[in-house]
Structures are given as structure tokens and as C-alpha cells.
Amino acid sequence: MDAPSLPRPRLGQLGQLGRSSAPGATAEAPPRPRATLVPNAELSGREEIAPDVARLFVRPDGPVPAFQPGQYFSLGLTLDARAVLRPYSTASRKGAGDTLEFLVRRVPSGTFTPHLWQLSVGERLWIGPPKGLFTLRPADSRTHLLISAGTGIAPFISMLPELVAGEPDSPRNARPRVVLAHGVSYQQELAYRARLETLTARHPEFVYAPTVSRPGAPQNAGWSGRAGRVEAILPSIWGELALDPGDSVAYLCGNPDIVESSRDALLRLGMPAGAIVRENYWAAPARPG
Ligand SMILES: Cc1cc2nc3c(=O)[nH]c(=O)nc-3n(C[C@H](O)[C@H](O)[C@H](O)COP(=O)(O)OP(=O)(O)OC[C@H]3O[C@@H](n4cnc5c(N)ncnc54)[C@H](O)[C@@H]3O)c2cc1C
């Protein structure tokens with residue numbers, strides 16, 4: 001991304017909400033202040049990868065704050081005089097320039113994403129500070145299973161440089177075996193597929209396992225890879241790679257129904273519950289019992 005021509009303000013405002021009064025307020029009826037957002041970033045790029053799925057690039061006004069791969073940032077817009085924020089896992093690698101990348105699905109009935117989709121490149125929005133504990137454990141040499149549904153692949157794209165292409169002297173030099181399973185409905189939604197296929201060809205310790213859940217759909221014509229939801233392919237991956245439940249750690253991210261089903265599958269394969277880390281993108285379904 002281009003370097004700014006003028007010094008930009010530090011991101012001291014990152015994460016601050018502005019306060020404003022509703023117009024037309026009277027002294028008798030003081031308005032309840034409504035939170036509005038002071039935009040502190042611009043949408044600097046976007047790439048549609050499938051209907052309703054896009055890579056979005058957001059450039060904060062100041063430096064990108066330090067973050068850990070796996071963390072999320074809230075993006076915000078003022079809609080109908082109210083601040084509306086939603087969290088998004090960044091796909092950016094640590095220390096990557098002045099821009100953050102996100103992989104976002106538009107939810108047509110949603111409150112925020114239809115408005116986010118209306119934003120043109122160059123328009124302003126708000127971004128908060130990095131948050132979240134869905135991060136890699138230091139110097140963890142166990143086999144890493146990264147299991148994602150839909151846009152839940154984003155944090156793993158951020159983590160992969162740490163796991164697969166570690167610096168020679170980094171504490172991760174042990175280079176654990178890494179399996180990235182990605183489940184989508186339609187093959188077009190396999191974001192980062194070309195990059196991941198290249199990575200798996202270059203690094204024998206990295207296995208990329210994409211799967212489509214609707215193999216019979218016209219959009220999946222020509223698909224000859226794995227079929228079924230991502231939790232359904234876990235037992236076959238497990239067998240093919242002869243994984244050791246006592247020497248593996250699993251990170252699960254995305255649609256909570258799939259996250260919970262994947263967790264159940266891993267428990268059945270013998271993984272201890274403590275070795276399974278989850279990031280649900282919305283409230284998990286109520287479970288019987
Ligand atoms: C920690 C965290 C990280 C997240 N990271 C991402 C991300 O990287 N990319 C991303 O697309 N979303 C991500 N989300 C979800 C995101 O915050 C919003 O919930 C989503 O964009 C919908 O917002 P909305 O206002 O349009 O829909 P809302 O009006 O808030 O409706 C929410 C409903 O939309 C559906 N929904 C929400 N997210 C998705 C999705 N990704 N795919 C399909 N259906 C969905 C669910 O049914 C949910 O109940 C993340 C959520 C959390 C908690």
C-alpha cells in the first residue's frame with residue numbers, strides 16, 4: 001500500500017467513540033446522547049471472491065497497532081445516528097504494513113454488512129483496537145489442526161506465517177505439522193485457495209484440506225476434491241495422517257454449529273477438550289443436556 005504523503009495522527013483515537021446530541025433537542029427534554037463514531041480509517045481496497053464474500057482492506061489513519069495473529073478488530077459505521085460495530089478477525093500477518101485485511105460475508109438480512117457493502121473504496125469507517133484470545137500458544141510443537149467454516153479461515157491466514165514459514169531463529173523453529181481444513185458451500189468461496197495450494201506444494205509439513213458441502217450444486221461443477229461439511233472430513237484426515245490425539249492442538253473458527261460439530265468429532269477421535277480452542281462468529285446453538 002502507498003505510504004502517506006503527510007504525517008498521520010497517531011492512533012490514539014483508535015477505539016474511541018464520539019458523543020453527539022440528537023438534532024432539534026430542547027432544554028426541557030435534554031436528548032439522550034447517542035454514540036456516533038469518529039471515522040479513523042478508510043476502506044482502501046476490496047476484492048469480491050464470491051457472491052457476498054469479499055476481502056476488505058482497511059487503512060487506519062495512524063499506524064496499525066500491534067496485534068497477535070488470530071485477534072479481531074471491530075469495524076464500525078454510524079447508521080441512523082447510532083454507532084454499529086461488528087468484530088472481524090484479521091487475515092493480515094503480524095507486522096504487515098499500514099493496512100489490515102478482512103474476509104467478510106455479507107449477511108443480506110444483517111444490520112451491518114449490507115451497509116459495509118455499500119462503502120466505496122476511499123470511504124471512511126471506524127476501526128477499534130485488536131482484541132481476542134484466539135491466538136497461538138508460544139513455542140507449541142504439537143500438530144496444529146486449523147478447522148474453519150466459511151470466513152472463519154481469516155484468523156488462520158494470519159497465523160500461517162507464524163507456523164509454516166517461521167524465521168530460522170524463532171521459537172517456532174520446530175515447525176509443527178499444520179493441517180488447514182476449510183469447509184464452504186461452493187468452491188468459489190475457497191478464499192486463498194491458490195496461495196494455500198502453493199504453500200502445501202512447498203512445505204511438506206503443511207496440509208491443505210478444502211471441502212465443499214454441496215458437491216451436486218451447479219456452482220461446484222468440476223469439483224473433484226473432498227465433499228461434505230468440514231466436521232465430516234475430520235475422521236478421514238485423521239486416519240490418512242495418522243494423527244496423535246495426545247500431540248495435537250485444534251483451533252476451530254466460524255459458524256458455531258460447525259465449530260461445535262467439529263469439536264464433537266475431535267473429542268470422538270480422542271482429543272482432550274483442553275486441546276481444542278474455539279472462536280464462534282455468533283452465538284452457539286443451545287445443546288441438549
Ligand atoms: C470474534 C468474531 C470474529 C468475527 N470475524 C468475522 C470475519 O472475519 N468475517 C465475517 O464475515 N464475520 C465475522 N464475524 C461475524 C461478524 O461480527 C458479524 O456478526 C457479521 O458480519 C454479521 O453482521 P450483520 O450486522 O450484518 O448481521 P447481524 O444483524 O448481526 O446478524 C447476525 C446473524 O448473521 C449470521 N452471520 C453472522 N456472521 C456470519 C458469517 N460470517 N457468515 C454467515 N452468516 C453469518 C448469523 O446467523 C448471525 O446470527 C465475527 C464475529 C466474531 C464474534
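Residues numbered from 1 in each chain as written. Predicted model: local features only at pLDDT ≥ 70, side-chain atom pairs only at ≥ 80, totals over all residues. Heavy atoms only, no water.

A separate point is the pairing of strand β11 (residues 206–212). With respect to burial, β11 is a largely interior element, six of its seven residues being buried. Here seven bridges tie strand β10 (residues 178–184) to β11, and the two strands are oriented parallel to one another. Counterpart to V178 in the pairing with β11 is F206. Viewed along the sheet, the connection from β10 through helix α3 (residues 193–202) into β11 turns out right-handed. Direction of pairing for β11 relative to strand β12 (residues 226–227): parallel, over a ladder of two bridges. Within the sheet, the bridge partner assigned to T211 lies in β12 and is R226. (Buried < 20%, exposed > 50% of the residue type's maximum accessible area, 1.4 Å probe, protein only. Helix = DSSP H or I, 4+ residues; strand = E, 2+ residues; numbered from the N terminus. Pairing = 2+ DSSP bridges. Right-handed = clockwise from strand over helix to strand, strands pointing away.)

This part is about the packing of aromatic side chains. Across all of its chains, the model carries five aromatic pairs by this definition. Between F134 and F156, the ring centres sit 5.9 Å apart and the planes meet at 45°, which makes this aromatic pair tilted. Residue F134 is located in the loop between β8 (124–127) and β9 (143–149), and its partner F156 is located in helix α2 (residues 154–163); the two are separated by 22 residues in the primary sequence. F156 carries the same exposure label as F134, and that label is buried. By way of ring pairs, the aromatic residues F67, F73 and F102 are connected into one cluster. (Phe/Tyr/Trp six-rings, centres within 6.5 Å; stacked < 30°, edge-to-face > 60°.)

We note that D52 has phi near 70°; this positive angle belongs to a residue other than glycine. By the element assignment, D52 lies in the loop between β3 (41–50) and β4 (53–60). Residue D52 is classed as partly exposed on the basis of its relative accessible area, which comes to 24%. Not every positive phi belongs to a glycine, and A242 is a case in point at roughly 50°. Topologically, A242 is positioned in the loop between α4 (230–241) and β13 (248–254). Under the relative-accessibility criterion, A242 is labelled exposed at 61%.

Our next topic: the nonpolar core. By size, the foremost hydrophobic cluster in this structure holds 31 residues, and its most contacted members are L160, L196 and Y251. Of all the elements in the fold, those that place two or more residues in this core are β3, α2, β10, β11 and β13. If one sorts the elements of this core by residue count, α2 sits on top with six residues. Built from parts of two domains, this core gets at least three residues from each of domain 1 (34–127) and domain 2 (143–280). Those residues in contact with Y251 that sit more than four places away from it in its chain are F134, T135, L136, R137, H144, L145, L146, I147, F156, M159 and V277. (Core = buried A, V, L, I, M, F, W, Y, C linked by side-chain atoms within 4.5 Å. Domains from an automatic or database assignment. Contact = heavy atoms within 4.5 Å.)

A word on the sheet that holds β9. Across the sheet, six strands lie side by side as β12-β11-β10-β9-β13-β14; this open sheet has parallel pairing. One side of each edge strand has no neighbouring strand; the edge strands of this open sheet are β12 and β14 (276–280). Pairing analysis gives six bridges linking β9 to β13, with the strands arranged parallel. Bridge assignment links L146 to a residue of β13, and that residue is Y251. Packing against the sheet, α2 makes contact with β9, β10, β11 and β13, and its axis sits at approximately 160° to β9. Set on the sheet, helix α5 (residues 256–268) makes contact with β9, β13 and β14; between it and β14 the angle comes to about 170°. (Axes fitted to C-alpha atoms, helices over the stretch in contact; angles between N-to-C directions.)

The ligand sits among 19 residues. The nearest are P87, Y88, L103, F112 and T113. At 3.2 Å, a side-chain N or O of Y281 approaches an oxygen atom of the ligand. Here the ligand, which alone exposes 870 Å², has 78% of that area covered by the protein. The set of elements that each furnish at least two residues to the shell around the ligand consists of β6 (82–89), β7 (100–105), α1 (113–118) and β14. Looking at the shell around the ligand element by element, the count peaks at four residues for β6. For the shell around the ligand, a count of residues per class yields ten nonpolar, six polar and three charged. (Near = heavy atom within 4 Å. Polar contact = N/O pair within 3.5 Å; in protein donor to acceptor, adjacent residues only side chain to side chain. Areas by Shrake-Rupley, 256 points an atom, 1.4 Å probe, with all protein chains shown as cover. Nonpolar A, V, L, I, M, F, W, Y, C, P; charged D, E, K, R; others polar.)

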